[in-house]
Amino acid sequence: MTDSVREKWILQTKKEDFYQLASQLGISPLIVRCMVNRDVRSFEAMQKYLHGSLSDLYDPYLLKDVDKSVGILKNACQKKQKIAIASDFDCDGIFSGYLLWRAFGRIGLDARIFTPDRVLEGYGLNARIVEEAVEQNREVLVTCDNGIAANEAIELAKEKGLTVIVTDHHEVQERMPVADAVVDPKRPDETYPFSGLCGAGVAFKLIQALYRSCGIPEEETESLLEYVAIATVADVMELKDENRILVKEGLRRLEKTQNIGLRELLKVQNLDGRTINAGHVGFIIGPCFNAAGRIATVRESFDLLMESDETKAGQRALRLKEINESRKEMTEQGTERALKIVEQKRGLSGRLPDILTILVPDVHESLVGIIAGRIKEKYYHPTIVFTRVGDGLIKGSGRSLDSYHMFQKLMKCKDLMVHFGGHKMAAGMTMRESDFLEFERRLNTNSGLTDEDFCPVVKIDAPMPIGYVTERLIEEFSFMEPFGVGNPKPIFAEQHFKILRARALGKEKNILKLRVRNERGSECDAMMFRGKEEFEAFVVENWGEAELQRMYQGKENYLDVAFTYFPSVNEYQGNRTIQIEIIGYCRVG
């Protein structure tokens, strides 16, 4: 929550026989209610949600063209043909490519990974990769996390005599590629039970079928799950259905990974020996791999995964961490410049344009999407951030809201753009800088948005006094993990908290620890891990500077606050205490 955005809290009221289902499942009715709020409604669906295992994964042969792909690969093995793997530069592309490289090597295929240059070539398979594959006498081309839209490059590959297998998870665009096999759960004619796999998930399903056909033990397939888990979380896929199982099982294996490079990366990030959750992957591990493809070379990520020497792996892991730290610093600087431009747009009227279009001239072009996401989160407006790329051109990346279909709106400005693509929630484009103001004018003239759209909705699972929270209940919440997109952490709410005292924690004093008491007299610690400055501004705006100082001094004050929160256990020096993690807040009354 920020000084610019006020949340709209909505209590979810979906109906079900919570107590009957809780009795059958042996869990709290509150957990059942949370599952129902995530549209997990039947006893069977809840059983799978809570206890789904590898035996619940769908048969890979249900995916169209998996059988064809296995046949092509086994034939290539018999003929000793060489394989070109056409990967991509993001985390999903990296792990998709690594999975296929490792699996092909396991059955005796000579495989090499080819990736596009992010800045010079952009996303996906291209003519240069096809030409290089031919020059190196590669006879079979396998794409991963891309290819479904690479019609021209695949046509070229076929003209050059390559056999082509596409494995992808993106939408088919104008037409299906003329590949020998297309494995993509989003094919228009696909009947596979789950369409939400990431690129590495699709590659894994192909490997499942390939290993089975080659008589390779199932345990070897399962050893690949940690890579699928990282890619699924890092690519922000919905943690539903099959993805929940892939991620849960993969995270469990990641903690004891046999991959020397991953093990060293966990060490340099102080994660070795710890229970790894989806948050660690999304905010620590995944960004290290993504950063290499953004501001260095994707080869550094592959080298880490393929390294067999522990000392070299440690050096490579440290290098990835340093690249990511540099990326974070560059992102912070770019975001600061973008924020200043937004405040200039606010001007004297105090009102922002409906669509924030921001030109930050000298930011690295690979970071504009991250910066757009930051600005969107702060102001809750659709945001497109551009930077200059030379020859009078600017390149941009946009992030949207549920109420604004960015791709459809951009279609109305197609004549202003040199290249563009995307979907409802995100888009990328290149255009002439001379058309920037007209582009901004058109988007804002026809936005179709209202003030209501700029108010983020927070869905509350249940009102719950903090006195109801027990360690047993918190343990049951762990059954709902992994949390992420499509399966968010439960959110609870309570009104009328008094703040007894507060102090800032952390090296940068950016974490706020409150001691709070509710109307019933229950007390606990409340942690605010982000947004400390915004909360201070909220207190000053509503009660004044003097009350903020009294809060920090632990003196009686007039603060009366409602919190949305998630409960957890804090363990310190052998003592375990219940605390709440603050998600949002508002003034009561």
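Placed above this text is the structure.
So, here is what we can say about the structure in this document. (Residues numbered from 1 in each chain as written. Predicted model: local features only at pLDDT ≥ 70, side-chain atom pairs only at ≥ 80, totals over all residues. Heavy atoms only, no water.)

**Observations concerning the overall build of the protein**
Each helix and strand counted, the protein has 21 helices and 18 strands in total. Scaling as 2.2 N^0.38, a compact globule of 589 residues should have a C-alpha radius of gyration of about 25 Å, and the protein matches this with 25 Å. Projected onto its principal axes, the C-alpha positions of the protein cover 80 × 60 × 50 Å. Within the protein, buried positions represent 52% of all 589 residues. Sequence-distant contacts in the protein: of pairs separated by 6 or more residues, those separated by 24 or more amount to 65%. Of the roughly 26,700 Å² of accessible surface on the protein, a fraction of 47% belongs to carbon and sulfur atoms. Charged side chains in the protein number 80 positive and 89 negative. The centres of these two groups are separated by 2 Å. (Helix = DSSP H or I, 4+ residues; strand = E, 2+ residues; numbered from the N terminus. Rg over C-alpha atoms; globule rule 2.2 N^0.38 Å. Buried < 20%, exposed > 50% of the residue type's maximum accessible area, 1.4 Å probe, protein only. Contact = heavy atoms within 4.5 Å. Areas by Shrake-Rupley, 256 points an atom, 1.4 Å probe, with all protein chains shown as cover. Lys, Arg positive; Asp, Glu negative; His and termini not counted. Charge placed at Lys NZ, Arg CZ, Asp CG, Glu CD.)

**Some words on the environment of Pro463**
Mapped onto the elements of the fold, Pro463 is located in strand 13 (residues 462-463). Judged by relative accessible area, Pro463 falls into the exposed class, the value being 52%. Each C-alpha atom of the pair Pro463 and Phe492 lies 5.5 Å from the other, and the pair is 29 residues apart in sequence. Not counting the four nearest positions on each side in its chain, Pro463 is found in contact with Leu11, Arg33 and Ala493.

**Focus: the nonpolar core**
Soluble, globular proteins show a tendency: their nonpolar side chains are buried together. In this structure, Leu73, Ile83, Phe95, Leu100, Phe104, Ile285 and Phe289 are the most contacted members of the largest nonpolar core, which totals 79 residues. For this core, the element with the most residues is helix 8 (residues 199-214), which contributes 9 residues. If near-sequence neighbours (up to four positions away) are discounted, Leu73 is found in contact with Ile83, Phe104, Leu109, Val142, Ile165, Leu206 and Leu210. The next biggest cluster of nonpolar side chains, apart from the first, holds 48 residues, and it includes Leu30, Ala526, Val539 and Tyr585. (Core = buried A, V, L, I, M, F, W, Y, C linked by side-chain atoms within 4.5 Å.)

**Let's talk about the packing of aromatic side chains**
In total, this model carries 18 aromatic pairs according to the counting rule given. Geometrically, the ring pair formed by Phe483 and Phe566 is edge-to-face, given 6.1 Å between the ring centres and 75° between the ring planes. Taken together, the residues Phe483 in the loop between helix 19 (471-477) and strand 14 (492-505) and Phe566 in strand 17 (residues 561-572) connect sequence positions 83 residues apart. Judged by relative accessible area, which is 8%, Phe566 ranks as buried. By the ring-pair criterion, three or more aromatic residues cluster together here, those being Phe497, Phe535, Phe538, Trp543, Phe563 and Tyr585. The ring of Tyr49 carries the charged tip of Arg244 above its face, separated from the ring centre by 3.7 Å. It is Lys378 that lies over the ring of Tyr379; its NZ or CZ is 5.6 Å from the centre. (Phe/Tyr/Trp six-rings, centres within 6.5 Å; stacked < 30°, edge-to-face > 60°. Lys NZ or Arg CZ within 6 Å of the ring centre and 35° of its normal.)

**Overview of helix 11 (residues 241-254)**
Each α-helix turn comprises 3.6 residues. Residues three or four places apart therefore point the same way. With 14 residues, helix 11 ought to run about 20 Å at 1.5 Å a step, and its terminal C-alpha atoms sit 20 Å apart, in line with that. The buried fraction of helix 11 amounts to 10 of the 14 residues, a majority that puts the element mostly inside the structure. The set of residues buried in helix 11 consists of Glu242, Asn243, Arg244, Ile245, Leu246, Val247, Glu249, Gly250, Leu251 and Leu254. Turning to helix 11, the residues buried within the fold contact helix 3 (43-51), helix 8, helix 10 (225-234), helix 12 (260-268) and helix 13 (278-295). (Expected span 1.5 Å × (residues − 1).)

**Structural notes on the sheet that holds strand 10 (residues 417-422)**
Judged by pairing direction, the sheet is mixed, and its 5 strands sit side by side in the order 7-8-9-11-10 without closing on themselves. Edge positions in the sheet fall to strand 7 (356-359) and strand 10, since each of these pairs with one other strand and no more. Each strand of the sheet is rotated relative to its neighbour by a mean of 15°, with strand direction disregarded. Two elements, strand 8 (residues 383-390) and strand 9 (residues 393-399), share 7 bridges in a ladder whose sense is antiparallel. Following the sheet pairing, Phe386 is matched in strand 9 by Gly396. Against the sheet, helix 16 (residues 368-379) makes contact with strand 7, strand 8 and strand 9, and its axis sits at roughly 45° relative to strand 9, the strand it touches most. Here helix 18 (residues 436-445) sits on the sheet and contacts strand 7, strand 8, strand 9, strand 10 and strand 11 (426-432); the angle it forms with strand 7, its principal contact strand, is near 165°. (Pairing = 2+ DSSP bridges. Axes fitted to C-alpha atoms, helices over the stretch in contact; angles between N-to-C directions.)

**Regarding unusual backbone geometry**
Glu481 connects to Pro482 through a cis peptide bond whose omega is 5°. With respect to the element layout, Pro482 can be found in the loop between helix 19 and strand 14. Even without being a glycine, Gln573 presents a positive backbone phi close to 50°. Positionally, Gln573 belongs in the loop between strand 17 and strand 18 (575-587). Using a relative accessible area of 67% as the deciding quantity, one classes Gln573 as exposed.

**Some words on the sheet that holds strand 2 (residues 82-86)**
Spatial strand order, 3-2-4-5-6: 5 strands in an open sheet with parallel pairing. The open sheet terminates on both sides in strands that have one partner only, identified here as strand 3 (110-114) and strand 6 (181-183). On average, each strand axis in the sheet is inclined to that of its neighbour by 20°, with strand direction left out of account. Pairing of strand 2 with strand 4 (residues 138-144), which is carried by 5 bridges, proceeds in the parallel orientation. What sits directly across from Ala84, in strand 4, is Leu141. Along the sheet, helix 5 (residues 91-106) contacts strand 2, strand 3, strand 4 and strand 5 (163-167); its crossing angle with strand 4, the most-contacted strand, is approximately 140°.

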